[in-house]
Amino acid sequence: MNLSGFAKIYIIIFILCITVSSLFNKKIFLTKKQIIVFEMFFILSLALLAYNMNPPTTWDITYHFMYINQIRTSEISFIEFLFQNSSYVGGAEYSNLLFFNILRYCVARITENNYLLPSVCVIIDYSILGYIAIDWLSYMNGKYRFNILTLLLNFTLMPYIHAVSGMRNALSTSIAGLAVYLYLYKNKHIAVLIILIFIAVTIHPAAIIVVPFVLLAKLKIGSLEFIIVFIISALIKPLAEILSILPIRYIAAIGQKYLKYTSEAQYRASKTPLYGVLMIIAIFLLIYFILYRRFNMDDNHSNKKIIYNFLAIYMIYILGNIGNYDMVLRPAYLLGVLAPVLGSFLSDKNIWSNQEMSVRAENIVSFGATVASLIICLIVNYSYFISLQNVL
């Protein structure tokens, strides 16, 4: 059995273990060090699958490999490739993507195997998820619990197959998600947000979209923020048309990418993931608007409230694109990165309650929302699993 086979076995065992842990979450605990070790092997297993994948020629990854081969066979230096690439070695559309170009150049010079690039992207993506999960998920006396809903939400909202096939969107969104988490929940300095968002947008320009929603959540301006989000959603397409014709190449690329992803010529796959994402958003917003209690922002849960507010207004933005396949699924990647936050919200009674509902009614709503989310995730992930079988 090769390493890929062992990786598949470990992934299955890992998923079974966290399922059992979730079912008996009051009895099974792990130390922080133990859960980090389990997650590290899980991440490495996902990276091994990416390293040994056999993608079809229709995937974006094949175009990335073509450009990496071009970089490898050229004699262009590192500095020239990043800042003086007038011949557009590696593709003109990527010429301004600083950090993505650093990754591509390093892979081209280090190895002849292009599959190192998706493997590195997968390691970064799921390491960020692992950090957020460990930092966020409930713990007691230093002992942590696995949560199957977190993993399923991540695979549903930011599918592994997309993290490998396209790489850039998932990688940039993961870094942007880390920026959001550190700034809104961990209260890191705004410089941390700026640096991480800069890295994200120089991998994929679409990551810039998170910035206005972060600011809205941080400003605590109340219900007005939801009106602003609807206005933003309505103005994005005409704004993209203006940006796309500006003489500044990087700014124009943002508008052009949006118009590309919203055009009728864009490829459309099964609508099962689309419906799944929309239903998960509907469940979250239902809990948010019906059971969520507006606390005084000076209480112990203020940071949780801020990041929950961010998720809500960001979801409303996604719903504003409901008629567009890609502009629902691609922005939802960010929800996948923040899956630990999203999953715990369904049962976080420390921060939500409805004075008109009994505790029993709240428990029923919480349990129903969790079960519905699990079922939706299982259906969506089954469709992705069928697709993965053809390339593993």
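Above this text sits the structure in question.
Since this is a predicted model, take the numbers as computed values, not measurements.

Participant: How should the overall build of the protein chain be read in this particular structure?
Facilitator: Secondary structure summary: the protein chain contains 19 helices and 3 strands in total. Taking all 392 residues of the protein chain together, 53% fall into the buried category. Residue pairs in contact within the protein chain that sit at least 24 positions apart in sequence constitute 77% of those at least 6 positions apart. Counting every atom, the protein chain has about 18600 Å² of accessible surface; 66% of that belongs to carbon and sulfur.

Participant: Is there a simple way to explain the nonpolar core in this structure?
Facilitator: Across soluble globular proteins, nonpolar side chains show a tendency to be buried alongside one another. Counting 126 residues, the largest nonpolar core has Tyr 126, Tyr 160, Phe 284, Phe 310, Tyr 314 and Leu 335 as the members making the most contacts within it. Each residue touching Leu 335, except ones within four places of it in the same chain, is listed here: Leu 157, Ile 281, Leu 311, Tyr 314, Met 315, Ile 318 and Leu 342.

Participant: Is there a simple way to explain helix 1 (residues 3-23) in this structure?
Facilitator: Residues spaced three or four apart along an α-helix face the same direction, because each turn holds 3.6 residues. Between the first and last C-alpha of helix 1 there are 30 Å, a value that for 21 residues agrees with the 30 Å anticipated at 1.5 Å per step. Those residues of helix 1 that fall on the buried side of the exposure criterion are Ser 4, Gly 5, Ala 7, Tyr 10, Ile 11, Phe 14, Ile 18, Ser 21 and Ser 22.

Participant: Which parts of the structure should I look at to understand the packing of aromatic side chains?
Facilitator: Evaluated as defined, the whole model comprises 22 aromatic pairs. Through a chain of ring-to-ring contacts, three or more aromatic side chains come together here, namely Tyr 10, Phe 14, Phe 41, Phe 42, Tyr 126, Phe 155 and Tyr 160. One cation-aromatic arrangement involves Lys 218 over Tyr 183; the distance from NZ or CZ to the ring centre is 4.7 Å. A cation over a ring is seen here: Lys 304 above Trp 136, with NZ or CZ 5.6 Å from the ring centre.

Participant: Is there a simple way to think about the environment of Lys 237 in this case?
Facilitator: Within the fold, Lys 237 resides in helix 12 (residues 224-243). Between the alpha carbons of Lys 237 and Gly 255 there is a distance of 8.4 Å; along the sequence they are 18 residues apart. Contact partners of Lys 237, with chain neighbours within four places excluded, come to Tyr 258 and Leu 259.

Participant: When you look at unusual backbone geometry in this model, what are you seeing that I'm missing?
Facilitator: One non-glycine residue, Tyr 88, lies in the positive phi region at around 55°. Here Tyr 88 is to be found in the loop between helix 4 (78-83) and helix 5 (98-110). A positive phi angle, near 65°, is found at Met 167, a position not held by glycine. As for its placement among the helices and strands, Met 167 is situated in the loop between helix 8 (160-165) and helix 9 (168-185).

Participant: I keep staring at the pattern of salt bridges and nothing clicks. Help me out?
Facilitator: One side chain can pair with another of opposite charge once the charged atoms of both are near each other. Within this structure, the stated rule accounts for 3 salt bridges. Among the ionic pairs, Arg 72 bridges to Glu 112, the shortest N-O distance being 3.9 Å. Residue Arg 72 is located in helix 3 (residues 60-73), and its partner Glu 112 is located in the loop between helix 5 and helix 6 (116-136); the two are separated by 40 residues in the primary sequence. Relative accessible area serves as the criterion here: at 14%, Arg 72 is assigned to the buried category.

Participant: Looking at this structure, how should I read the side chain of Ser 119?
Facilitator: Structurally, Ser 119 is set in helix 6. Here Ser 119 falls in the buried class, since its relative accessible area comes to 6%. In this structure the side chain of Ser 119 is engaged in a polar contact, spanning 3.3 Å, whose partner is the backbone nitrogen of Tyr 51.

Participant: What is the right way to read the packing of helix 1 against helix 2 (residues 32-51) from this model?
Facilitator: To describe two helices that pack against each other, one gives the angle between their axes and the distance between the axes. Following both chains from N to C, one finds helix 1 and helix 2 inclined at 135°, their axes separated by 9 Å at the closest point. By the criterion of interaxial angle, the relationship of helix 1 to helix 2 is oblique. Once helix 1 is placed against helix 2, the crossing between them reads as left-handed. Between helix 1 and helix 2, the contacting residues are Leu 3, Ser 4, Ala 7, Lys 8, Tyr 10, Ile 11 and Phe 14 on the first element and Phe 38, Glu 39, Phe 41, Phe 42, Ser 45, Leu 46, Leu 48 and Leu 49 on the second.

Participant: I'm lost on empty space enclosed by the protein in this one. Help?
Facilitator: To find the voids left in a structure, one rolls a probe of water-molecule size over its atoms. Under the defined criterion, the tally for this structure stands at 2 cavities of 30 Å³ or more. In this structure, the second largest cavity occupies an estimated 40 Å³ of space. For the second largest cavity, the full set of lining residues is Leu 153, Ile 280, Ile 283, Phe 284, Leu 342, Leu 346 and Ser 373. In terms of residue count, helix 14 (residues 272-291) provides more of the lining of the second largest cavity than any other element does, 3 residues in total. Among the residues making up the lining of the second largest cavity, the classes are represented as 6 nonpolar, 1 polar and no charged.

Participant: How do you make sense of the environment of Tyr 258 when you look at a structure like this?
Facilitator: As for its placement among the helices and strands, Tyr 258 is situated in helix 13 (residues 249-262). Taking the C-alpha atoms as reference, Tyr 258 lies 8.4 Å from Met 327; in sequence the two are 69 residues apart. Among all residues touching Tyr 258, those that are not within four sequence positions of it are Ile 236, Lys 237, Ala 240, Asn 321 and Met 327.

Rules of the game
Residues numbered from 1 in each chain as written. Predicted model: local features only at pLDDT ≥ 70, side-chain atom pairs only at ≥ 80, totals over all residues. Heavy atoms only, no water. Helix = DSSP H or I, 4+ residues; strand = E, 2+ residues; numbered from the N terminus. Buried < 20%, exposed > 50% of the residue type's maximum accessible area, 1.4 Å probe, protein only. Contact = heavy atoms within 4.5 Å. Areas by Shrake-Rupley, 256 points an atom, 1.4 Å probe, with all protein chains shown as cover. Core = buried A, V, L, I, M, F, W, Y, C linked by side-chain atoms within 4.5 Å. Expected span 1.5 Å × (residues − 1). Phe/Tyr/Trp six-rings, centres within 6.5 Å; stacked < 30°, edge-to-face > 60°. Lys NZ or Arg CZ within 6 Å of the ring centre and 35° of its normal. Salt bridge = Lys/Arg side-chain N within 4 Å of Asp/Glu carboxyl O. Polar contact = N/O pair within 3.5 Å; in protein donor to acceptor, adjacent residues only side chain to side chain. Axes fitted to C-alpha atoms, helices over the stretch in contact; angles between N-to-C directions. Parallel < 35°, antiparallel > 145°, perpendicular 65-115°, else oblique. Left-handed = near helix turned anticlockwise from the far one by under 90°. 1 Å grid on protein atoms, 1.4 Å probe; cavity = no way out; pocket = protein on both sides within 12 Å on 5 of 7 lines; lining within 4 Å. Points joined across faces, edges and corners; volume = space filled by probe spheres on them. Nonpolar A, V, L, I, M, F, W, Y, C, P; charged D, E, K, R; others polar.

Any functional reading would require information that these geometric values do not contain.
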